[in-house]
Each structure stands twice: as C-alpha cells, then as structure tokens.
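# Structural overview
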Amino acid sequence: MTDSQNPVPTANATGPDAHNIKDWTDLGKEMWSYLTGKSAAINYSFIDMTVEVPRDIGPDAPRATWKLNGTLRVTTSEGSDTEPLTK
C-alpha cells in the first residue's frame with residue numbers, strides 16, 4: 001500500500017473537517033484551507049531526492065524522473081491579485 005492509500009490518523013486533529021481526512025491529498029487540502037489568509041509559508045528542503053511521475057496508469061507505465069535538490073516554498077493567499085515571489 002502506498003502513502004496515498006494509507007489513511008492519515010486524525011485522533012489529534014481538530015476543526016470542522018478533521019474527520020473527513022482519509023489520505024494525503026485530503027490532508028493537503030485541509031492544510032491549504034487552514035493556512036490561507038494567515039500569511040503562512042511552508043518550506044520543504046530536499047537533498048538529492050528523486051521522484052518518479054507516471055505518465056499513465058499501471059505498474060508498467062512510463063515515468064518521468066524529477067530530481068529535487070533545494071528548497072520548495074509554498075505560500076497561501078486569499079486573493080488571486082497577489083504578486084508572485086521572485087528572486
């Protein structure tokens with residue numbers, strides 16, 4: 001079973017939709033909803049991480065390989081009129 005199929009434990013979760021979290025995508029949606037409007041930023045750091053992304057469904061589907069080495073920053077905002085961060 002993959003991580004996306006494992007239910008996320010919600011014994012300590014709070015909030016109106018905590019009981020609806022069944023997998024990692026539900027958790028991500030709830031986190032995004034909770035953090036929006038709070039000027040939140042989440043930073044993920046990767047060192048030589050490889051991700052295989054399937055192009056089709058099935059175990060033999062061809063895959064694209066993504067290599068991550070650095071920081072991914074996720075920010076939330078309430079409106080679509082915010083300016084993106086640039087470096």
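So, how was this worked out
Residues numbered from 1 in each chain as written. Predicted model: local features only at pLDDT ≥ 70, side-chain atom pairs only at ≥ 80, totals over all residues. Heavy atoms only, no water. Helix = DSSP H or I, 4+ residues; strand = E, 2+ residues; numbered from the N terminus. Buried < 20%, exposed > 50% of the residue type's maximum accessible area, 1.4 Å probe, protein only. Areas by Shrake-Rupley, 256 points an atom, 1.4 Å probe, with all protein chains shown as cover. Phe/Tyr/Trp six-rings, centres within 6.5 Å; stacked < 30°, edge-to-face > 60°. Lys NZ or Arg CZ within 6 Å of the ring centre and 35° of its normal. Contact = heavy atoms within 4.5 Å. Salt bridge = Lys/Arg side-chain N within 4 Å of Asp/Glu carboxyl O. pLDDT = per-residue confidence, 0-100.

## Description of the overall build of the protein
The secondary structure content of the protein amounts to 1 helix and 2 strands. Shown N-terminal to C-terminal, the secondary structure of the protein runs as helices and strands in the order α-β-β. The 87 residues of the protein split such that 9% are buried. Surface exposure of the protein reaches about 7,600 Å², of which carbon and sulfur atoms provide 53%.

## Section: the packing of aromatic side chains
Where two aromatic rings form a pair, the distance of their centres and the angle of their planes describe that pair. Summed over the entire model, instances satisfying the criterion amount to 0 aromatic pairs. Directly above the aromatic system of Tyr-34 lies the positively charged group of Lys-38, at a separation of 4.6 Å from the ring centroid.

## Notes on the environment of Gly-70
Inspection of the secondary structure puts Gly-70 in strand S2 (residues 63-75). Taking the C-alpha atoms as reference, Gly-70 lies 9.4 Å from Met-49; in sequence the two are 21 residues apart. Look past the residues within four positions of Gly-70 in its chain and what remains in contact with it is Tyr-44, Ser-45 and Phe-46.

## With respect to the pattern of salt bridges
Scanning the entire structure with this criterion turns up 1 salt bridge. Taking the shortest distance from any N to any O, the salt bridge between Glu-52 and Arg-63 comes out at 3.9 Å. Residue Glu-52 is located in strand S1 (residues 41-54), and its partner Arg-63 is located in strand S2; the two are separated by 11 residues in the primary sequence.

## Quick look at the confidence of the model for the protein
Per-residue confidence for the protein gives a mean pLDDT of 75; residues scoring 70 or more make up 68%. The least confident element of the protein, judged by mean pLDDT, is helix H1 (residues 24-35) at 83; the most confident is S1 at 89. Considering only residues more than four positions removed or in separate chains, one finds that residues 1-11, a stretch of pLDDT under 50, has 14 contacts.

## Structural notes on unusual backbone geometry
Peptide bonds are mostly trans, and most non-glycine residues show a negative phi. Phi at Asp-48 takes a positive value of approximately 50 degrees, unusual for a residue other than glycine. As for its placement among the helices and strands, Asp-48 is situated in strand S1.

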